[in-house]
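Breakdown of the fold
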Amino acid sequence: MRVGLDVGGTKTDAVVVDDAGTIAARLRLPTGWGPAAVADTVATAVDALRREPGVDAAALRSVGIGIPGQVEPGTARVVHAVNLGVEELDLEAAVGERLALPVSVENDVKAAALGADALHRAAGREVASMAYLNLGTGVAAGIVTDGILWRGSRGTAGEVGHISVDPAGPLCRCGQRGCIEAFAGGGALAQRWAQSADYPVLAVFDAADAGDPLARELRAGLARGVAAAVRVLVLTADVDTVVLGGGLTALGDRLMAPVRAELAESAAASPFMRSLRLTERVEILPTGSAAAAIGAALVGAARETEEVLAHG
């Protein structure tokens, strides 16, 4: 059995999976703020999972963690996880001894890409290549080919959020104008909406349905941004499927309908784009999917395999 944790800005989703990829236990708890609190969240989650019915604590072999920020390749060190109040944190050093298990860390979007691919395979829908497009506070993607994460030469493969698709578009936090994230990132949408709401993007969609001009403009821009990201991923990596995940996908068909309409509109104007059948190659993760935590468990399993090979 292996533990996988998806450490988010507000909550941590934790699972135990067996060798078949079946979830034996799952729990969620609030994520602490700052390096020490994040490390304590991880340790507390693993300790709690050990006590869950159906979990053989003695059978646990590894802990994999998906976390926002940049993860230094080959280490458990994360930097610039600003949504967690973490500038730098070595999670293996912080919790490895307490847990007495190997600890591996991966960027959360990349871990979710592995999890989405694993769920496809478990459902008998195996594809040669997949892109997981995360629509949350920001926009980013992970690309998996034959079950293996593609990182690129410097680990930035799939970072589509900061591709500018409109030089005259809204200012992005990266300094460019018209980035995909400036149109489709939840943080950017909330900033441009500039009205108090617990769930700003949901508020935008509700106001758009009621006829608010600004909300309708923002909703249309969101659809254009997501459609642009799908086109970029297919045209550059030629993935079989683009799977949408992240907080914004809780909107379900309210999000998917305008995105598919944008893709259909570009196809109507171009025989080449029609040949790509983009509307058939995009789908959405079910609400509440544990893809990110499952992917993190796979990251831990990969580390375990590497250690067995290295030490005979």
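Residues numbered from 1 in each chain as written. Predicted model: local features only at pLDDT ≥ 70, side-chain atom pairs only at ≥ 80, totals over all residues. Heavy atoms only, no water.

Within an unreviewed UniProt entry, the label attached to the chain reads ROK family protein, and the organism entered is Microbacterium hominis.

Things to note about the overall build of the chain
Helices and strands together make up the secondary structure of the chain, namely 10 helices and 13 strands. For the chain, whose C-alpha radius of gyration is 20 Å, the value lies close to the compact-globule estimate of 20 Å for 312 residues. Dimensions of the chain, computed from C-alpha atoms along their principal axes, come out at roughly 60 × 40 × 35 Å. In the chain, which comprises 312 residues, the share counted as buried stands at 51%. In the chain, once contacts between residues fewer than 6 apart in sequence are set aside, the share between residues at least 24 apart is 59%. For the chain, the accessible area works out to roughly 14,300 Å², and carbon and sulfur atoms hold 52% of it. Averaged over its 27 positive side-chain charges, the chain has a centre that lies 4 Å from the centre of its 37 negative ones. (Helix = DSSP H or I, 4+ residues; strand = E, 2+ residues; numbered from the N terminus. Rg over C-alpha atoms; globule rule 2.2 N^0.38 Å. Buried < 20%, exposed > 50% of the residue type's maximum accessible area, 1.4 Å probe, protein only. Contact = heavy atoms within 4.5 Å. Areas by Shrake-Rupley, 256 points an atom, 1.4 Å probe, with all protein chains shown as cover. Lys, Arg positive; Asp, Glu negative; His and termini not counted. Charge placed at Lys NZ, Arg CZ, Asp CG, Glu CD.)

As for unusual backbone geometry
The phi angle at aspartate 146 is positive, at roughly 50°, despite the residue not being glycine. With respect to the helices and strands, the residue aspartate 146 is situated in the loop between strand S10 (139-145) and strand S11 (148-150). Residue aspartate 146 is classed as exposed on the basis of its relative accessible area, which comes to 56%. Even without glycine at this site, aspartate 238 takes up a positive phi of about 50°. Tracing the backbone shows aspartate 238 in the loop between helix H7 (213-237) and strand S12 (241-245).

Quick notes on the sheet that holds strand S3 (residues 23-30)
Strand order in the open sheet made by the five strands is S3-S2-S1-S4-S8, with mixed pairing throughout. Of all the strands in the sheet, just S3 and strand S8 (103-107) have a single pairing partner and so form its edges. Within this sheet the neighbouring strands show an average axis-to-axis angle of 15°, counted without direction. Pairing geometry for strand S1 (residues 2-7) and strand S4 (residues 62-67), over five bridges, is parallel. In the sheet register, aspartate 6 faces S4, and the bridge partner there is glycine 66. Those strands touched by helix H1 (residues 35-50) are S1, strand S2 (11-17), S3 and S4, and its axis lies near 145° from that of S3. (Pairing = 2+ DSSP bridges. Axes fitted to C-alpha atoms, helices over the stretch in contact; angles between N-to-C directions.)

Quick look at the pattern of salt bridges
Tallied over the entire structure, the rule returns 19 salt bridges. Here glutamate 72 and arginine 77 are joined by a salt bridge, their closest N and O atoms 1.9 Å apart. One connected set of salt bridges, linked through shared partners, spans Asp40, Asp47, Arg50 and Arg98. (Salt bridge = Lys/Arg side-chain N within 4 Å of Asp/Glu carboxyl O.)

Here's the deal with the sheet that holds strand S6 (residues 77-81)
Taken together, three strands build an open sheet; the order of strands is S5-S6-S7 and the sheet is antiparallel. Strands with a single pairing partner mark the edges of an open sheet, and in this sheet they are strand S5 (70-71) and strand S7 (86-90). Here S5 pairs with S6 via two bridges, running antiparallel. Within S6, the residue paired with valine 71 across the bridge is valine 78.

Considering the environment of alanine 57
For alanine 57, the position within the fold is in the loop between H1 and S4. Taking the relative accessible area as the measure of exposure, alanine 57 reaches 37% and is therefore partly exposed. The spacing of alanine 57 and valine 230 is 173 residues in sequence and 41 Å in space, taken between C-alpha atoms.

A short note on helix H2 (residues 91-99)
Listed in full, the buried residues belonging to H2 are Leu91, Val95, Gly96 and Leu99. Projected down its long axis, H2 shows its buried positions confined to an angular sector of 120°, all on one face. Of the residues in H2, the exposed ones pointing more than 90 degrees away from the buried face are Ala93 and Glu97. Residues of H2 that are buried make contact with H1, S4, S7 and S8. A side-chain oxygen of the first residue of H2 lies 3.1 Å from the backbone nitrogen of glutamate 92; this N-cap is aspartate 90. (Arc of directions from axis to C-beta. Polar contact = N/O pair within 3.5 Å; in protein donor to acceptor, adjacent residues only side chain to side chain.)

A short note on H7
Its 25 residues give H7 an end-to-end C-alpha distance of 36 Å, which sits within 8% of 36 Å, the value for a rise of 1.5 Å per residue. Of the residues that open H7, the one with a side-chain oxygen 3.1 Å from the backbone nitrogen of leucine 214 is aspartate 212. Trailing H7 by a residue or two, aspartate 238 shows a phi angle of about 50°, which is positive. (Expected span 1.5 Å × (residues − 1).)

Some details on the confidence of the model for the chain
Across the chain, the average pLDDT comes to 93, with 97% of residues at 70 or higher. pLDDT under 50 marks residues 306-312. Its contacts with residues more than four places away, or in other chains, come to one contact. (pLDDT = per-residue confidence, 0-100.)

Some remarks on the nonpolar core
Of all hydrophobic cores here, the largest spans 41 residues; its most connected members are Leu133, Leu222 and Val242. Counting residues per element, this core draws most heavily on H7, at 12 residues. Non-local contacts of leucine 222, meaning those with residues more than four positions away in its chain, are made with Phe183, Ala184, Leu189, Val201, Phe205, Leu248 and Leu255. Membership of the second largest hydrophobic core comes to 34 residues, among which are Val3, Ala43, Ala76 and Leu89. (Core = buried A, V, L, I, M, F, W, Y, C linked by side-chain atoms within 4.5 Å.)

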